[in-house]
Amino acid sequence: MTELIHAKLSASGSHRWLNCPASARMEEGFPDTTSSFAEEGSAAHHLAEICLREEKNTDEFLECQFDEYPEHPVDVEMVESVQLYLDYVRNLDGELLVEQRVDFSPWVPEGFGTSDAIVMHEGVATVVDLKYGKGVRVDAEDNTQAMLYALGALNEYDFIYECDLFRVVIVQPRLDHISEWEIKRSDLLEWAENTVKPKAELTLQEEAPFNPGEKQCHFCKANGTCKALAEHALQIAADGFEAVEVPLTVKDITKLSNEEIAVLLPQLKTLTKWVSALETHAQAEAEKGEKFPNHKVILKNGQTSRSWKNDDSAKRALNREFKKLGKEEPTSNPISPAQAEKIIGKTNPLFDKHVVKTTGDAKYKLVHESAKGDPVEINPTEDFEEVA
Ligand code: SF4
């Protein structure tokens, strides 16, 4: 008998659970993590929200530091980027709903989300999503997150606005990218009933199927431990040559031809992402004291870096040395010790006087038992007690 599990089916994670129904179950129990990039994005969204609500422009907030995001004060790039989003939203006619919580639970159990901006006007609902990141270009067409927000808008406001058309807009200012797409009410509802609803129900089953793939696995919290992904990645490696349909060249059968490499290259993404996810997971677990057979944890010294004790006096000393050697004075302020070494020589006494060496913190590293270095024991409980 199938059993229902309780999982959060978010709009932002919809690309994943719609493509791999097992991901919702697999991600349960993993803590919510954040990154500096995600925090920066949240700071930009916060700025956008305040500006829209208070009818202000972003330049009024230059160098402001929001209490929630102390690491990401409003800088010039944020001011200019978020203003582009504001300009787009303000150019739309209609009633503006800012950071609107929308409920799409008729299709997704407990499904709700918060849309950056929704504008309702004469039977048309426009869902605008600000993407502050610049790592991956996001397009509006078939964007399931924004489509779920559109469904939420239909669900909650249809009795007032009776929308026939839904416009999805992604504003990604740091890539100078605005993507627009529209979907008819009937098509949106057809997708909701025939794709979203059954997939959401399937996702909540105990034996929801796995479907590994590059996009859905990339940000899945379970990608370091998921067997389905591991098998998929290893299968790609094993099938590599079978996937090459062009015949092996008779010219040199020991080397890959450019045609063969061209077929193999796209497959590497899945493989390398999986390798990186597996390593990250194993390293994090080892740092918590977990043991991996035939492996040990060593303490790796931090990297040593060199810098000038004082930039001004280093620049003056460098200029004197350059003059003595009949070379042109460096124009940058000042050049690095490594660059200077190439010109005035490693043994120049100037380095002893003006350079300071700093060594980063030593770090634990999980390595194979055959690697150099003495194993160290990690006891997170004791480590914590020492710090507490
Ligand atoms: S890693 Fe990939 S296959 Fe595994 S649960 Fe996550 S999305 Fe599905």
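Computed from a predicted model, the values in this text were never measured in an experiment.

Chemist: Would you mind going over the domain arrangement of the protein with me for this structure?
Modeler: By convention, interface size is frequently given as the accessible area that disappears when the constituent parts associate. Structurally, the protein comprises domain 1 (14–203), domain 2 (214–283), domain 3 (288–302 + 362–386) and domain 4 (304–359). Listed by partner, the interface residues are ten residues for domain 1 and eight residues for domain 2. Of the roughly 840 Å² buried between domain 1 and domain 2 on both sides combined, carbon and sulfur atoms contribute 66%. In this structure, the connection of domain 1 to domain 2 is made through zero salt bridges. Mapped onto the side of domain 1 that touches domain 2, the elements with two or more residues apiece are helix H1 (14–19) and helix H2 (23–27).

Chemist: Just checking my understanding: could you explain the packing of helix H5 (residues 144–161) against helix H6 (residues 185–203) for this structure?
Modeler: Between two packed helices, what matters for the description is the angle formed by their axes and the separation of those axes. With their axes 11 Å apart at the nearest point, H5 and H6 run at an angle of 110° to one another. Relative to H6, H5 is oriented roughly perpendicular. On the side of H5, the interface is formed by Thr144, Met147, Leu148, Ala150, Leu151, Leu154 and Asp158, while H6 contributes Arg185, Leu188, Leu189, Trp191, Ala192 and Val196. By residue class, the composition of the contact of H5 with H6 is ten nonpolar, one polar and two charged.

Chemist: Help me understand the nonpolar core in this model?
Modeler: One finds Val108, Leu148 and Leu188 to be the most contacted residues of the largest nonpolar core, which totals 37 residues. Elements supplying a minimum of two residues to this core: H1, strand E1 (95–103), strand E2 (112–121), strand E3 (124–130), H5, strand E4 (165–172), strand E5 (177–184) and H6. With ten residues, the top contributor of residues to this core is H5. Ignoring sequence-local partners within four residues, the contact set of Leu148 consists of Ala11, Ser14, Trp17, Phe104, Val108, Trp191 and Val196. The next biggest cluster of nonpolar side chains, apart from the first, holds 27 residues, and it includes Cys51, Leu130, Tyr132 and Val169.

Chemist: Help me understand the pattern of salt bridges in this model?
Modeler: Pairs can form between side chains of opposite charge once their charged atoms are near each other. Under the definition given, this model contains 16 salt bridges. The partner of Asp158 in a salt bridge is Arg185, with the nearest N and O atoms 2.9 Å apart. Pair noted here: Asp158 is in helix H5 and Arg185 is in helix H6, with a separation of 27 residues, a long-range link. The partly exposed category is assigned to Arg185, whose relative accessible area is 24%. Between Arg306 and Glu341 there is a salt bridge, with its nearest N and O atoms 2.6 Å apart. In this pair, Arg306 is assigned in strand E7 (residues 304–308) and Glu341 in helix H11 (residues 337–344), connecting sequence segments 35 residues apart. What makes Glu341 buried here is its relative accessible area of 18%. Taken together, the shared-partner salt bridges connect Glu40, Glu77, Lys134 and Arg174 into one network.

Chemist: What am I meant to see in the site of the ligand here?
Modeler: Residues in contact with the ligand, as listed here, are Cys20, Ser23, Met26, Pro212, Gln216, Cys217, Cys220, Asn223 and Cys226. Mapped by element, the contributors of at least two residues to the shell around the ligand are H2 and helix H7 (214–218). Of the residues in the shell around the ligand, the class split is six nonpolar, three polar and no charged.

Chemist: Quick question: what am I supposed to make of the packing of helix H10 (residues 311–324) against H11 here?
Modeler: Close contact between H10 and H11 brings their axes to 11 Å; oriented N to C, the two are set at 20°. If you check the angle between H10 and H11, you find them roughly parallel. As for how H10 packs across H11, the hand of that crossing is left-handed. Counted together, Leu318, Glu321 and Phe322 of H10 and Ala340, Ile343 and Ile344 of H11 form the full contact between these two elements.

Chemist: How should unusual backbone geometry be read in this particular structure?
Modeler: With the exception of glycine, most residues fall at negative phi, and the peptide bonds are largely trans. Phi at Glu99 takes a positive value of approximately 45°, unusual for a residue other than glycine. By the secondary structure assignment, Glu99 is in strand E1. By relative accessible area, Glu99 is classed as partly exposed at 25%. Of note, the phi angle at Glu110 is positive, near 55°, even though the residue is not glycine. Relative to the assigned elements, Glu110 resides in the loop between E1 and E2. For Glu110, a relative accessible area of 58% corresponds to the exposed category.

Chemist: So what exactly am I meant to see when it comes to helix H4 (residues 76–90) here?
Modeler: Within an α-helix, residues lying three or four positions from one another point in the same direction, as the helix has 3.6 residues per turn. With 15 residues, H4 should reach 21 Å at 1.5 Å per residue; the first-to-last C-alpha distance of 21 Å fits that figure. Where H4 is buried, its residues meet helix H3 (36–54), E1, E2, E3, E4 and E5.

Chemist: Looking at this structure, how should I read a nonpolar patch on the surface?
Modeler: On the surface, Leu256, Ile261, Leu265 and Leu268 cluster together to form a nonpolar patch covering roughly 320 Å² of accessible area. When you line up the elements, Ile261 lands in helix H9 (residues 258–287).

Parameters at a glance
- Residue indices begin from 1 for each chain and proceed along its sequence in written order.
- Residue-level local features of this predicted model are given only where pLDDT is at least 70; pairs of side-chain atoms are given and counted only at 80 or more, and the full residue set underlies all totals for whole chains, interfaces and linings.
- The basis for every side-chain value is the complete set of heavy atoms in the structure, and neither hydrogens nor water enter the calculation.
- Throughout, the edges of the domains are those of an automatic or database domain assignment.
- Contacts: residue pairs with any heavy atoms within 4.5 Å of one another.
- Accessible area that two parts lose when put together, evaluated with a 1.4 Å probe and summed over both, is termed the buried area.
- Here, a salt bridge means any side-chain nitrogen of Lys or Arg that lies within 4 Å of a carboxyl oxygen of Asp or Glu.
- To qualify as a helix, a DSSP run of H or I must reach at least 4 residues; to qualify as a strand, a run of E must reach at least 2; elements of each kind are numbered from the N terminus.
- Orientation is described by axes fitted as lines to C-alpha atoms, over the contacting stretch for helices, and by angles from 0 to 180 degrees between their N-to-C directions.
- Roughly parallel refers to an angle under 35 degrees, roughly antiparallel to one over 145, roughly perpendicular to one between 65 and 115, and oblique to any angle outside these ranges.
- Throughout, the ten residues Ala, Val, Leu, Ile, Met, Phe, Trp, Tyr, Cys and Pro are labelled nonpolar, Asp, Glu, Lys and Arg are labelled charged, and all others, Gly among them, are labelled polar.
- For the purposes of this section, nonpolar cores are sets of buried Ala, Val, Leu, Ile, Met, Phe, Trp, Tyr and Cys residues that join through side-chain atoms within 4.5 Å.
- Per-residue accessibility, obtained with a 1.4 Å probe over protein chains only, is compared with the maximum for each type, and a residue is labelled buried under 20%, exposed over 50%, and partly exposed between these values.
- Note on definitions. A residue lies near a molecule or strand when any single heavy atom of the residue is within 4 Å of it.
- Should the near helix be turned anticlockwise from the far one by less than a right angle, the crossing is left-handed, and should it be turned clockwise, the crossing is right-handed.
- How far a helix is expected to stretch is found by multiplying one less than its residue total by 1.5 Å.
- Two joining distances apply to patches: 9 Å for like charges and 5 Å for nonpolar side chains (Val, Leu, Ile, Met, Phe, Trp, Tyr), and every residue must have over 30% relative accessible area and no salt bridge.
- For every accessible area listed, the method is Shrake-Rupley and the probe measures 1.4 Å; residues are considered covered only by the protein chains on display.

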